[in-house]
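Residue strings, one per chain:
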Amino acid sequence: MAYTLLALGVAAVALGPRGQRPINAAMLGCGAFAAAFFGLRGFGHPWLAGSIAVVAGMLAAVFGAIADAWGTAALLASLFAAAAGATFAALKWTWPPVAALAGSIGLYIGITRKRKLELVLPPLFAAVFAAFGASIGWAPHRRGALLYPLNDIRWVLALTVALALPFTAVSILRERAKKSRLAARTPEMDDEDLKKQIAARQGDYERAVQEAEAARLAEAEREAQALQEAQAALDAQNVRDPQNDPDRGN
């Protein structure tokens, strides 16, 4: 479990904005599994809850890995709904409407703020995964524990904040460097790209010109043929009707 969390954290930081996909897959899969497993316990056959939980977790993980914008929106909706529902349930208040409202807000934010969330969410989740992975793997109460202070939740939260700050800074700096590289393209480079595109499509341009010229020549030939046919018909009519010739009439 510890190494799995650390691997997810490393992937989220290394992949940058694309690291949101493994986070969506892991969080949605675990959330769907937990909701189905604990929500269906005590109903029907003892194997029913576990079986449905496995299927729901796999489907949610695949959805989170494939769907980019909707996966992030579903993750935010789940987090918002869970936080609001748990808070109102702890206060003994009616929680389903509040959870539904919070989930819809999270869904809206996930869709409309996708680009910005891809810069912030991966480093934050990477910090959480790394801190909890370290606390699980190297902080238990046993001889030789390397990170025994992480048995205290305050140290875990402090490590999470300490990791989140540099991870977020790396994500922002990487995005700014990407924008700087795009902005550093000079007009000469753009002209070179345009020349390359024109050269690549030169054959298509020549083919289009040849087809247009062939169509023009064919149209001219048809007009000339039509004119010849009209002249031949007029000559034939004059031969059949000599009275229309003014010289012969005199």
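Residues numbered from 1 in each chain as written. Predicted model: local features only at pLDDT ≥ 70, side-chain atom pairs only at ≥ 80, totals over all residues. Heavy atoms only, no water.

## Topic: the overall build of the chain
Stated formally: We count a stretch as a helix when DSSP gives it H or I for four or more residues in a row; a strand needs E for two or more, and each element gets its number in order from the N terminus. A 1.4 Å probe rolled over the protein chains alone gives each residue an accessible area, and that area as a share of the maximum for its type sets the label: buried under 20%, exposed over 50%, partly exposed in between. Working definition of accessibility: Shrake-Rupley area with a 1.4 Å probe, residue cover restricted to the visible protein chains.
Of the regular secondary structure elements, the chain holds 10 helices and zero strands. Reading the helices (α) and strands (β) of the chain from amino to carboxyl end gives α-α-α-α-α-α-α-α-α-α. By residue count, 23% of the 250 residues in the chain fall in the buried class. Accessible surface computed for the chain: about 17300 Å², of which carbon and sulfur atoms make up 67%.

## Some words on unusual backbone geometry
A positive phi angle, close to 65°, is found at K92, a residue other than glycine. Along the polypeptide, K92 turns up in the loop between α4 (69–90) and α5 (96–112). Judged by relative accessible area, which is 74%, K92 ranks as exposed.

## Regarding the confidence of the model for the chain
Interpretation of this model should avoid reading the predicted coordinates in detail wherever pLDDT is low. Heads up, the rule is: Every residue gets a pLDDT, meaning the predictor's confidence in that residue, from 0 to 100.
Across the chain, the average pLDDT comes to 81, with 89% of residues at or above 70. Mean pLDDT across the elements of the chain ranges from a minimum in helix α10 (residues 246–249), with 48, to a maximum in α5, with 89.

## Digging into the packing of helix α1 (residues 2–14) against helix α6 (residues 114–138)
Convention followed: Helix axes are fitted only over the stretch in contact, all axes being lines through C-alpha atoms; the angle between N-to-C directions runs from 0 to 180 degrees. For this classification, under 35 degrees means roughly parallel, over 145 means roughly antiparallel, 65 to 115 means roughly perpendicular, and everything else is oblique. Handedness of a helix crossing follows the sense of rotation of the near helix relative to the far helix, less than a right angle counterclockwise being left-handed and clockwise being right-handed. Residues are treated as being in contact if the distance between any of their heavy atoms lies within 4.5 Å. Under the scheme applied here, ten amino acids are nonpolar (Ala, Val, Leu, Ile, Met, Phe, Trp, Tyr, Cys and Pro), four are charged (Asp, Glu, Lys and Arg), and all others, including Gly, are polar.
As a packed pair, α1 and α6 sit with axes 8 Å apart at the nearest point and diverge in direction by 155°. Considering their axes alone, α1 and α6 lie roughly antiparallel with respect to each other. In this structure, the crossing between α1 and α6 has a hand that is left-handed. Each of A2, Y3, L5, L6, L8, G9, A12 and V13 in α1 lies in contact with α6, whose residues at this interface are P122, A126, F129, A130, F132, G133, A134, I136, G137 and W138. Of the residues belonging to the contact of α1 with α6, the class tally is 15 nonpolar, three polar and no charged.

## Here's the deal with the pattern of salt bridges
Going by this rule: We define a salt bridge as a contact between a side-chain nitrogen of Lys or Arg and a carboxyl oxygen of Asp or Glu at a distance within 4 Å.
Within the structure shown, the criterion is met by four salt bridges. Salt-bridge contacts for E213 lead to R216; the nearest nitrogen and oxygen are separated by 2.4 Å. Placement of both E213 and R216 in helix α9 (residues 202–240) is noted, with a separation of three residues, approximately one turn of the helix. By relative accessible area, E213 is classed as partly exposed at 35%. Note that R222 and E219 form a salt bridge whose closest N and O atoms lie 2.3 Å from each other. Of the two residues, R222 and E219 are both situated in helix α9; the distance of three residues between them amounts to about one turn of the helix. Residue R222 is classed as partly exposed on the basis of its relative accessible area, which comes to 48%. Taking relative accessible area as the criterion, E219 reaches 35% and is therefore assigned partly exposed. The network of salt bridges with shared partners includes K114, R115 and E118.

## Comments concerning the environment of Y108
Along the chain, the position of Y108 falls in helix α5. A residue is classified by how much of its surface remains accessible, and Y108, at 55% relative accessible area, is exposed. When the C-alpha atoms of Y108 and A74 are compared, they prove to be 9.6 Å apart, with 34 residues separating the residues in sequence.

## What about the nonpolar core?
Where we set the bar: Nine residue types can take part in a nonpolar core, namely buried Ala, Val, Leu, Ile, Met, Phe, Trp, Tyr and Cys, and a core is a set of them joined through side-chain atoms within 4.5 Å.
I23, L28, L75, L121, F125 and F129 are the most contacted members of the largest nonpolar core, which has 15 residues in total. Listing elements by their share of this core, those giving two or more residues are α1, α2 (20–39), α4 and α6. It is α6 that provides the largest number of residues to this core, a total of five residues. Apart from the residues lying within four places of it in its own chain, the contact partners of L28 are A60, F63, G64, G71, A74, L75 and S78.

## What to know about the packing of aromatic side chains
Inclusion rule: Any Phe, Tyr or Trp ring, taking Trp's six-membered ring, that has another such ring centre within 6.5 Å forms a pair; planes under 30 degrees apart are called stacked, those over 60 apart edge-to-face, and the others tilted.
Considering all chains together, one arrives at four aromatic pairs under this definition. Between F33 and F37 the ring centres are 5.8 Å apart and the planes differ by 5°, which places this aromatic pair in the stacked class. Here F33 pairs with F37, and both are found in helix α2, just four residues apart, close to one helical turn. Exposure remark for F33: the relative accessible area of 36% places this residue in the partly exposed category. Ring centres of F88 and W93 lie 5.6 Å apart, and the angle between their planes is 65°; on these two criteria the pair is classed as edge-to-face. According to the relative accessible area criterion, F88 is partly exposed, its value standing at 26%. Each member of the aromatic cluster is reached from another via a ring pair, and the members are F33, F37 and F38.

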